[in-house]
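The chain contents come next:
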Amino acid sequence: LPLIIAGTTNYFPGISPSTPPYFLVNLTDYNRLIRQLPGLGVASSPKEFWVSLANYPSRDITIRRIKGRLPRLASMQDRQIELDLAKRDPLSGGSWIGLTTLSISTLIISVTIALIVFSLVSIRARRVDLAVAEALGLSKYQIILTIITERIIEFSIGISIGITLGIWLSHRILDFLAITTDGSAVVPPMIITTHMGLVVILVLGILVALGSSILFTIIWIRNLRSPDILRSGL
């Protein structure tokens, strides 16, 4: 079988660098050759296609037409979209997305557990005061509303201080990355940005944690028996 090697490469999209040496051949010529050789049968169908749209007037229309003809289980990736994402966020893709998701999930779970434990410990330490307040005429609804207001004020102050200190510390620490080993500024200069989508997700997660702690607080207060607490003094 005569072959003319037009060029060599170490990397090709879709092929792992650790694979054995490979040939890139024309699909039409390959299918015709397989049909002519005895005993090989029909060539296996290709699992992946690479399409160039450089000469097409409308990239979006062409992509929609391709998606309309693909099977439901097939997927398509637009390299231009991935290139634009990489230009906006060099750390996007790969393991960074998984690490970011894992860190945010761990943080939200930790904050939820911490707020729930803090609420239960706080109510247990103040249950005599709450029982006295109920004996003086406050209803459980008023006591619960007071505790919720206290939690919201604490949360507002805490999240405001946390965001302020986080932005200040991030700028202080990341500024060191804008300097080379000889002390000169990096070229091009580093621009520090804040991913507002991640900030919103994190704040929403903390709001969920706050809601969970308030829910446990309400359940704990409703189960308090003021006569028993006042009788025992504990």
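In short, a report on the structure.

Conventions and cut-offs
- Think of each chain on its own: its residues are numbered from 1, step by step along the sequence as written.
- The model is predicted, so local features are restricted to residues of pLDDT at least 70 and side-chain atom pairs to those at 80 or more, both for listing and for counting; the totals for chains, interfaces and linings are taken over all residues.
- Only hydrogens and water are set aside when side-chain values are computed; all heavy atoms of the structure are taken into account.
- Note on conventions: DSSP H or I runs of at least 4 residues are helices, E runs of at least 2 residues are strands, and numbering of each starts at the N terminus.
- Remark: exposure states derive from per-residue accessible area (1.4 Å probe, protein chains only) relative to the maximum for the residue type, with buried under 20%, exposed over 50%, and partly exposed in between.
- Throughout, a residue-residue contact means that at least one pair of heavy atoms, one from each residue, lies within 4.5 Å.
- We get accessible surface area from the Shrake-Rupley algorithm with a probe of 1.4 Å; when it comes to residues, only the shown protein chains can shield them.
- As used here, the arc belongs to the directions running from the helix axis to the C-beta atoms.
- Expected span of a helix: the number of residues minus one, times 1.5 Å.
- To qualify as a nonpolar core, a set must consist of buried Ala, Val, Leu, Ile, Met, Phe, Trp, Tyr and Cys residues joined through side-chain atoms within 4.5 Å.
- The working definition used for a salt bridge is a side-chain nitrogen of Lys or Arg within 4 Å of a carboxyl oxygen of Asp or Glu.

## Observations regarding the overall build of the protein chain
Then, in step 1: When helices and strands are counted, the protein chain shows eight helices and zero strands.
Then, in step 2: When the helices and strands of the protein chain are placed in sequence order, the string is α-α-α-α-α-α-α-α.
Then, in step 3: Among the 234 residues that make up the protein chain, the fraction classed as buried is 13%.
Then, in step 4: In the protein chain, 59% of the contacts between residues at least 6 apart in sequence involve partners at least 24 apart.
Then, in step 5: Counting every atom, the protein chain has about 18,700 Å² of accessible surface; 66% of that belongs to carbon and sulfur.

## Digging into helix 5 (residues 127-135)
Side chains of residues three or four places apart in an α-helix project in the same direction, reflecting 3.6 residues per turn.
Then, in step 1: The complete set of buried residues in helix 5 reads Leu130, Ala131 and Ala133. Axial view of helix 5: buried residues confined to an arc of 160 degrees, hence all on one face. Of the residues in helix 5, the exposed ones pointing more than 90 degrees away from the buried face are Asp129 and Ala135.
Then, in step 2: Positive phi appears at Gly137, one or two residues downstream of helix 5, with a value of about 125 degrees.

## A short note on helix 6 (residues 140-174)
Then, in step 1: For helix 6, spanning 35 residues, the distance from its first C-alpha to its last is 49 Å, which sits close to the expected 51 Å at 1.5 Å a residue.
Then, in step 2: Within the sequence span of helix 6, burial applies to Ile143, Ile144, Ile147, Arg151 and Phe155.

## Describing the nonpolar core
Then, in step 1: Grouped together as the largest cluster of nonpolar side chains are nine residues: Ile123, Leu130, Ala131, Ile143, Ile144, Ile147, Ile221, Leu224 and Ile229.
Then, in step 2: Listed by contribution, the elements that provide at least two residues to this core are helix 5 and helix 6.
Then, in step 3: In contact with Ile123, not counting residues within four places along its chain, are Leu130, Ile147, Thr217, Trp220, Ile221 and Leu224.

## What about the side chain of Thr112?
Then, in step 1: Residue placement: Thr112 occurs in helix 4 (residues 95-125).
Then, in step 2: Given a relative accessible area of 18%, Thr112 falls into the buried group.
Then, in step 3: Setting aside chain neighbours within four positions, we find Thr112 in contact with Ala209 and Ser212.

## Re the pattern of salt bridges
Then, in step 1: Enumeration over the complete set of coordinates arrives at three salt bridges.
Then, in step 2: Taking the shortest distance from any N to any O, the salt bridge between Arg32 and Asp29 comes out at 2.7 Å. Here Arg32 pairs with Asp29, and both are found in helix 1 (residues 27-36), just three residues apart, close to one helical turn.
Then, in step 3: Owing to a relative accessible area of 39%, Arg32 belongs among the partly exposed residues under this scheme.
Then, in step 4: A salt bridge links Arg151 to Glu154, with the nearest nitrogen and oxygen atoms 3.7 Å apart. With Arg151 and Glu154 both in helix 6 and three residues apart, the pair spans about one turn of that helix.
Then, in step 5: By relative accessible area, which is 4% here, Arg151 ends up buried.
Then, in step 6: Of the residues examined, Glu154 reaches a relative accessible area of 35% and is grouped as partly exposed.

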